[in-house]
Amino acid sequence: MILEMEVAKTVSTRAILLGNEAIARGVVEAGCLVAAAYPGTPSSEILPAIAGYADELGAKTVVEWGVNEKVAFEMAVSAAFTGVRSCAVMKQVGLNVAADPFMSAAHFDLRSGMLLICADDPGPHSSQTEQDSRFFAMFAKIPCFDPCDAVEAKAMVFDAFDLSEKHNIITMLRPSVRVDHCRQDVELGDIIARDQGFRFEKDPLRWTCLPAGVKINHPKLNAKNDAIREEFETDYARYNYEVKASGQAKLGVITSGVQFSVVMDILKSWKRNDIDVLKIGTPYPLPVRMVTDFIDRHENVLILEETYPVMEMQLPDRTKVQGRWNKIVPGAGELLPEVVEGLLVKVLGGQETVTADANLKAALEELRITPRKPMLCPGCPHRASFFSIRQSLPAAINPSDIGCYTLGINQKGVDAVIDMGASVTISSGFFMAQKASGMDAKPIVATIGDSTFFHMGIPGLVSAVYNRHALVLAILDNGITAMTGGQANPAVGDKLRKGDKGAVVDIEGVCRGCGVSFVKTVKAYDVKAGKDVIKEAWEHAKANQTPAVVIFRHPCMLLRQKQDTIPVRVNHDACVGCKFCINFFNCPGLVFDEAKKKAVIDERFCVSCGVCRNVCPHGAIVSTEGE
Amino acid sequence: MQYVIVGIGGQGILFSSKVLGKIALSRGESVMGSEVHGMAQRGGSVISHFKIGQYKSPLVKAGEADALLAFDQNEAVRNLHFLRNGGSLIVNVHDAAALGNEHLKAYIREHDIRVYPLEGYELLKKHMNGNFLFLNVLIVGAMCGAGVGNVSYEEVRNAVRELSPAKFADANMKVLELGYEALKGV
Ligand SMILES: Cc1ncc(C[n+]2csc(CCOP(=O)(O)OP(=O)(O)O)c2C)c(N)n1
């Protein structure tokens, strides 16, 4: 039994928070005691903020990074078997990794509240898909909250925990990137104290996923869905409501999540009073009566949601609705304000006017300005590693993985990427295909980051050892999970709460333990050593039909550790303008001067790591030391 | 008031909206904005939106920004369409000649945009030993000096002081003044 006790003390202040901080604050205030996550944009700031607020408010919350989302989810959900409020946090594709425990545990009658926070990335801005996690909620038959801003996201955390506890079911909060990364003034409260002792009662049918249990739990889950849908129809007017036009409505717009906010600001700037808006904050299970009633009252209805037609597909009849089924609303990409404005104009029967200004277009063309693509940072050790790998075995195929080092694509060092951990398994697939076709084996040199190696690289490596696959796996160990903002991982050992020390897991030892017979470590900046050891590793792999591992090590630039500075310049007498350095080293600090037809150092970005001295085949990049 | 802040990942553009937010909060006003985190931060184009007043959406719609703060002049040109007619551009210039482009000048004239160029890199080379990490503070100072953004110098000084880690407090105040003086009264 969870006893709600009176609020310990009330401090009421306002602060400007990132959406993710607001969510974290809600999690701590709601008395969540176990929080686990694996980082991933746009969700990464939530867990560290939970640790921060727990420290600040003196909560006992245990806050930990799992090595992947499946691990994090399983840790969190099982804590909710025991009477302790818990939450798991991940990005949308993280739930693919955690899908197995998620689908299974959705059937369980939890003892305490469990909140799954799953952050979506319409666009996408930093993801390999723009999948809609609300569909995952529907798939697993668990309720989903879709906040329109940071304030609502924080409020929903409390309701999601309460609903979870009322029906003993996992609930999902699905913020999209614009909510995660919005900055808004938010009310801060204090912790709602609750009695949450650990109490695990042995009850195998309840806590195991045997088919016999499913036969009881699945119908029960359906009944929970029916009950929750009914509650969403009537009891959640704070999230599901209609904003009525002051005049006669010509159009009704159904919105969910941040689309509500976008539409409201457009209507404000248009000063229109003939459009009704229905806001739905609980898209699954959809309060169907409420939505159908809105549709019945309007001649013309537009439905806006990101990124999949989750509400739309729950409608008994959507033929009257302008949405994705009739291709009015784009089926991919973010519904930016400009897109939404165009859609509103279109369904109101107007002429779309969004055309680029001719002068601005001409200026961009004449000045050759294009969006700047993401690049590895100046001084990034990955750049040096990719250069060594490419130069060592130019004929190799280079599968890679997900992390900052995916940007090695700019150096032509990344040939295939699927998802986290697939660098090893893609290599295995290529090895098997080469073997089957009886071709002379091309070298295979894959790259993976330290965090990604722990996340899902290890099973593939074990499989490659077991099956005798000749490949080289280069582990790029920069001592951090860089792409997502610099979280610690098992190779680092640090944990999130103050004074909470973890243990370091040694990558070399893990590889040896997996049965890898060749494991060597080089300094990433040492291009010559890197080239030599990659060659040696491939020889070993080929001769013994086994994977070989090379670890490239140097701290990430984001860690700002002190290192030698070696200022350089390009000697224009030696530079022949071949662009080799641009194409294969690709550093923001080293650019091509189109007028002079020479490479030059861009002092705005160069950090004097000195690695590029090893890059120019004509020796034109030289140290300025002593000049 | 709606601001769009643009630059290149790593330049620290988020600092500007932190300053603006602090000021708004102390005035009791509501704020709403949007930031970029993740992949694009790695040296790519970055954009942040910030609105003070009664807004719901975190994004500024094209043609509605009152002020555009550009840490990079190319990003300024790419995002100029966010400014409303009569809006203001504060731009860190590294290649002044490019800004003389006739089409660009025509667009700026047509839309009545006030342009405040700032040679940020030169200033930081001269006064801060070439430490370009101070660009964010410099631009906030310049915005205030140019009288753009509806914030007083006193408010900005207080906000920057509060937001600065102790280690950088003095240097930040110096750079703020440098930016302020550079565009004061232009
Ligand atoms: C399943 C899944 N979870 C999380 C992410 C987000 N993500 C992208 S890269 C990355 C980790 C990168 O760390 P590491 O492998 O150490 O490489 P680095 O960025 O430090 O070079 C993460 C967690 C993802 N893309 N997919």
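**Comments concerning the side chain of T452(A)**
All names here are of chain A. Within the secondary structure layout, T452 lies in helix α17 (residues 450-467). Look at T452 and you get buried, because its relative accessible area is 4%. Once you skip the residues sitting within four places of it in the chain, T452 turns out to touch Y38, D401, I402, Y405, M420, G421 and G457.

**A short note on the interface of chain B and chain A**
Opposite the 52 residues of chain B that make contact, chain A presents 54 residues. Of the roughly 4500 Å² buried at the junction of chain B and chain A (both faces included), carbon and sulfur atoms supply 61%. A salt bridge links D72(B) to R604(A), with the shortest nitrogen-to-oxygen separation between them at 3.6 Å. One can count 23 residue pairs in polar contact (both at pLDDT 80 or more) joining chain B with chain A. Where the side of chain B that touches chain A is concerned, the elements lending two or more residues are α1 (14-27), β2 (31-34), β3 (45-52), α2 (73-78), α3 (102-110) and α4 (120-127) of chain B. Looking at the side of chain B that touches chain A element by element, the count peaks at five residues for α3(B). Broken down by class, the residue content of the side of chain B that touches chain A amounts to 21 nonpolar, 17 polar and 14 charged. One ladder, built from three bridges, connects strand β9 (residues 182-188) of chain A with β2(B); its direction is antiparallel. Bridged to R183(A) within β2(B) is G33(B).

**Quick word on the site of the ligand**
All names here are of chain A. The full set close to the ligand counts 26 residues, and E69, H382, D450, T452 and A482 are the nearest of them. Contacts to the ligand include D450, whose side-chain N or O atom sits 2.6 Å from an oxygen atom. Within the side chain of N478, a nitrogen or oxygen atom sits 2.9 Å from an oxygen atom of the ligand. Those elements that place two or more of their residues in the shell around the ligand are α4 (92-97) and α17. Here the residues of the shell around the ligand are counted per class, giving eleven nonpolar, twelve polar and three charged.

**Concerning the domain arrangement of chain A**
Domain boundaries in chain A define domain 1 (2-234), domain 2 (241-367), domain 3 (381-559) and domain 4 (568-623). The C-alpha centroid of domain 4 of chain A is placed 50 Å from the C-alpha centroid of domain 1 of chain A.

**Section: the nonpolar core**
Counting 75 residues, the largest nonpolar core has I50(A), F73(A), L116(A) and M172(A) as its most contacted members. Ignoring anything within four residues of it in the chain, the contact list for L116(A) reads F73(A), A88(A), M90(A), L95(A), F102(A), I170(A), T171(A), M172(A) and L173(A). With 48 residues, the next largest nonpolar core counts V31(B), I52(B), F71(B) and L138(B) among its residues.

**Examining the packing of helix α15 (residues 381-392) of chain A against helix α19 (residues 527-544) of chain A**
All names here are of chain A. With their axes 8 Å apart at the nearest point, α15 and α19 run at an angle of 50° to one another. Relative to α19, the element α15 is oriented oblique. Crossing handedness for the pair α15 and α19: right-handed. Only V527, G530, K531, I534 and K535 of α19 make contact with α15, whose side of the interface consists of A384, F387, S388, I389, Q391 and S392. For the contact of α15 with α19, a count of residues per class yields five nonpolar, four polar and two charged.

**A closer look at the confidence of the model for chain A**
Looking at chain A, pLDDT values average 94 and 97% of them are 70 or higher. This stretch, residues 1-11 of chain A, has a pLDDT under 50; its non-local contacts, to residues over four places away or in other chains, come to 20 contacts.

Conventions we followed
- Residues numbered from 1 in each chain as written.
- Chains lettered and ligands numbered in written order.
- Predicted model: local features only at pLDDT ≥ 70, side-chain atom pairs only at ≥ 80, totals over all residues.
- Heavy atoms only, no water.
- Helix = DSSP H or I, 4+ residues; strand = E, 2+ residues; numbered from the N terminus.
- Buried < 20%, exposed > 50% of the residue type's maximum accessible area, 1.4 Å probe, protein only.
- Contact = heavy atoms within 4.5 Å.
- Buried area = accessible area lost by both parts, 1.4 Å probe.
- Salt bridge = Lys/Arg side-chain N within 4 Å of Asp/Glu carboxyl O.
- Polar contact = N/O pair within 3.5 Å; in protein donor to acceptor, adjacent residues only side chain to side chain.
- Nonpolar A, V, L, I, M, F, W, Y, C, P; charged D, E, K, R; others polar.
- Pairing = 2+ DSSP bridges.
- Near = heavy atom within 4 Å.
- Domains from an automatic or database assignment.
- Core = buried A, V, L, I, M, F, W, Y, C linked by side-chain atoms within 4.5 Å.
- Axes fitted to C-alpha atoms, helices over the stretch in contact; angles between N-to-C directions.
- Parallel < 35°, antiparallel > 145°, perpendicular 65-115°, else oblique.
- Left-handed = near helix turned anticlockwise from the far one by under 90°.
- pLDDT = per-residue confidence, 0-100.

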